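So you can see what is in the structure, the chains are spelled out below.
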Amino acid sequence: MKVVYLPVEILTRELDSRVELVKALPDCIVVVGQSWEILRNAEKLPPGVILFKTVNRIQGSNMMSWKLAGHTVCALDEEALIAKGASALDSAVSRLAMSNCDYFLAHNQEQLNVIQSTYFLDGRVVGNQRLDLCRGESFEPEAAALREKHGPFVLINTNFGSINSHWGGYEGSRNIAKQAGMIDTPAQDYEFKAMAAWEHRNMTEVYSLINKLSDLGIKIILRPHPGENPSVWEDISEIIVVTGTSPLPYIAASEMVFATSCTTSLEAAIMGKQSVNLSPARAPIEQICGEVNVTVRSAEEAVDAMDRGVEMSEYTKLAREMFPSGATDKIADVLRSIGPTVSETVTFNIDPIERTDLQRVKFTLEMEQAWRKLGQCSKLADSLYIKRPEAA
């Protein structure tokens, strides 16, 4: 029997895809839920295979702890979904992480080529679970409910984690980036500052876009990035600010999506939803958003694009070609084929921790919710569950 550990940091962004992975592993014991208690109990938990979502230096330290404790370490790099080119794809990759990674799961062949040419890891192209969800209609009942509740609306998704961070604004996000190994060199320091300046320009245009859409009497729902401080937006009376929810139903329910060079641009393109990428200047880190969306430089151009309508068929075709489908089954195949084997009666014990308020905001899953999503499962700790194979 294999044990698979699926730590989740942000419920609204990650849990739905991990639930699909649990369903694809009916022959394994799966531990899934808030990441903090999983990651700190490597030595207490039975040997298994753990799936990391990123490969920065912060996760590198965790990966080393799990590797030393006898587990098999597998990793994705979901932070690189919209990155383009070798430099961008490698920008948040830590050598510490890669030296403690047994198997890398790439979202496309370009990413796998970059990783294997530098770090010589075993790996496989699997696609991406979050993007696979955009190809289906599992979110449609929620989207229908949103249309019923709000009527016609446009969606603005922001991505200002450097200058509007809930870790303490610019300085807080800068400290996190240092810990993650993303500001180790003068070139990286310049890049981080350039990214912040670019975000400032984008944010200015978002404010202008809100004013223009409001003047037209258009209803606006704004979803800030999970790493942002939402209070900046909540002071604007003309918009409805939504946090703590999955973006997919809102994308599907909207009349038009406006995004600022973020994953939402890619998700909307794969979904085939009318979307406009608002970017007054070229991003310091090369991205694919401009290739899979109509990209404009100003709020005025964004409104003009909305008025004309956006034909998405070619953008959707290109976006789907960039990322192969079927990620869930491919990842499950890898996870069940590597790692140690344990008795099916293995027991689980951990040293509990007291999570911070911010950690609870990021991920809280009550027992009733867990049963609805996972089926029969048992609670290991606060917002952390064990799903065992069901008896035949």
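Please read these numbers as outputs of a predicted model, since none were measured by experiment.

1. Digging into the overall build of the chain
Here is step 1 of the chain: In terms of helices and strands, the chain carries 19 helices and 14 strands.
Here is step 2 of the chain: For 392 residues, the compact-globule estimate of 2.2 N^0.38 gives 21 Å, and the chain sits close to it at 21 Å.
Here is step 3 of the chain: Its C-alpha atoms put the chain at 65 × 50 × 40 Å along the principal axes.
Here is step 4 of the chain: Looking at the chain alone, contacts between residues at least 24 apart form 70% of all its contacts between residues at least 6 apart.
Here is step 5 of the chain: Within the structure as shown, the chain displays about 16600 Å² of accessible surface, and the carbon and sulfur contribution to it stands at 49%.

2. Re a negative patch on the surface
Here is step 1 of the chain: Taken together, E300, E301, D304 and D307 make up a surface patch of like negative charges.
Here is step 2 of the chain: With respect to the helices, strands and loops of the structure, D304 is situated in helix α15 (residues 299-308).
Here is step 3 of the chain: Overall, D304 belongs to the partly exposed group, its relative accessible area being 35%.

3. A few points about the packing of aromatic side chains
Here is step 1 of the chain: According to the stated counting rule, one finds 3 aromatic pairs in the structure shown.
Here is step 2 of the chain: With 5.3 Å between their ring centres and 35° between their planes, Y207 and W233 make a pair best called tilted. In this pair, Y207 is assigned in helix α10 (residues 186-215) and W233 in helix α11 (residues 231-234), connecting sequence segments 26 residues apart.
Here is step 3 of the chain: Three or more aromatic residues joined by ring pairs form one cluster here, namely F160, Y207 and W233.

4. Side note on the pairing of strand β3 (residues 49-52)
Here is step 1 of the chain: Alternating positions in β3 separate into two faces, V49 and L51 on one and I50 and F52 on the other, with burial throughout.
Here is step 2 of the chain: Pairing geometry for strand β1 (residues 3-8) and β3, over 2 bridges, is parallel. Bridged to Y5 within β3 is I50.
Here is step 3 of the chain: Bridging between β3 and strand β4 (residues 72-75) involves 4 bridges; their strand directions are parallel. Looking across to β4, one finds that V49 is bridged to T72.

5. What to know about the environment of I176
Here is step 1 of the chain: Tracing the sequence through the fold places I176 in helix α9 (residues 169-179).
Here is step 2 of the chain: Separated by 155 residues in the primary sequence, I176 and I331 place their C-alpha atoms 29 Å from one another.
Here is step 3 of the chain: The residues touching I176, leaving out its near neighbours within four places in the chain, are I58 and W167.

6. A short note on the pattern of salt bridges
Here is step 1 of the chain: Under the definition given, this model contains 24 salt bridges.
Here is step 2 of the chain: Residues D189 and K193 are paired through a salt bridge, measuring 3.3 Å at the closest nitrogen-oxygen approach. With a gap of 4 residues between them, D189 and K193 both fall in helix α10, about one helical turn apart.
Here is step 3 of the chain: You can call D189 buried: its relative accessible area is 18%.
Here is step 4 of the chain: Using a relative accessible area of 43% as the deciding quantity, one classes K193 as partly exposed.
Here is step 5 of the chain: A salt bridge links E321 to K317; the shortest N-O distance between them is 2.8 Å. Of the two residues, E321 and K317 are both situated in helix α16 (residues 313-322); the distance of 4 residues between them amounts to about one turn of the helix.
Here is step 6 of the chain: Owing to a relative accessible area of 52%, E321 belongs among the exposed residues under this scheme.

7. What to know about helix α13 (residues 263-271)
Here is step 1 of the chain: The buried fraction of α13 is high, at 9 of 9 residues.
Here is step 2 of the chain: Residues of α13 that are buried include every one of T263, T264, S265, L266, E267, A268, A269, I270 and M271, and no others.
Here is step 3 of the chain: In the stretch just after α13, G272 is the one whose phi turns positive, near 85°.

8. Comments concerning the side chain of K362
Here is step 1 of the chain: When you line up the elements, K362 lands in helix α18 (residues 357-362).
Here is step 2 of the chain: Reaching out from K362, the side chain makes a polar contact with the side chain of E9 at a distance of 2.6 Å.
Here is step 3 of the chain: Ignoring anything within four residues of it in the chain, the contact list for K362 reads E9, I10, L11, W36, H166 and W167.

9. With respect to the nonpolar core
Here is step 1 of the chain: If you look at the biggest cluster of nonpolar residues, it comprises 57 residues, and the most contacted ones within it are I156, L209, I210, L213, W233, F258 and L266.
Here is step 2 of the chain: Sort the elements by how many residues they give to this core and α10 lands first, with 6 residues.
Here is step 3 of the chain: Grouped together as the second largest cluster of nonpolar side chains are 34 residues, M98, A106, V346 and F348 included.

10. Concerning the sheet that holds strand β11 (residues 275-278)
Here is step 1 of the chain: Reading across the sheet, the 6 strands line up as β9-β8-β7-β10-β11-β12 and stay open at both edges, with parallel pairing between neighbours. Looking at strand neighbours, the two that pair on one side only are β9 (240-241) and β12 (294-296), the edges of this open sheet.
Here is step 2 of the chain: Here strand β10 (residues 256-259) pairs with β11 via 3 bridges, running parallel. By the bridge assignment, A259 is partnered in β11 with N277.

About the thresholds
- Residues numbered from 1 in each chain as written.
- Predicted model: local features only at pLDDT ≥ 70, side-chain atom pairs only at ≥ 80, totals over all residues.
- Heavy atoms only, no water.
- Helix = DSSP H or I, 4+ residues; strand = E, 2+ residues; numbered from the N terminus.
- Rg over C-alpha atoms; globule rule 2.2 N^0.38 Å.
- Contact = heavy atoms within 4.5 Å.
- Areas by Shrake-Rupley, 256 points an atom, 1.4 Å probe, with all protein chains shown as cover.
- Patch = residues over 30% accessible without salt bridge, like charges linked within 9 Å, V, L, I, M, F, W, Y side chains within 5 Å.
- Salt bridge = Lys/Arg side-chain N within 4 Å of Asp/Glu carboxyl O.
- Lys, Arg positive; Asp, Glu negative; His and termini not counted.
- Charge placed at Lys NZ, Arg CZ, Asp CG, Glu CD.
- Buried < 20%, exposed > 50% of the residue type's maximum accessible area, 1.4 Å probe, protein only.
- Phe/Tyr/Trp six-rings, centres within 6.5 Å; stacked < 30°, edge-to-face > 60°.
- Pairing = 2+ DSSP bridges.
- Polar contact = N/O pair within 3.5 Å; in protein donor to acceptor, adjacent residues only side chain to side chain.
- Core = buried A, V, L, I, M, F, W, Y, C linked by side-chain atoms within 4.5 Å.

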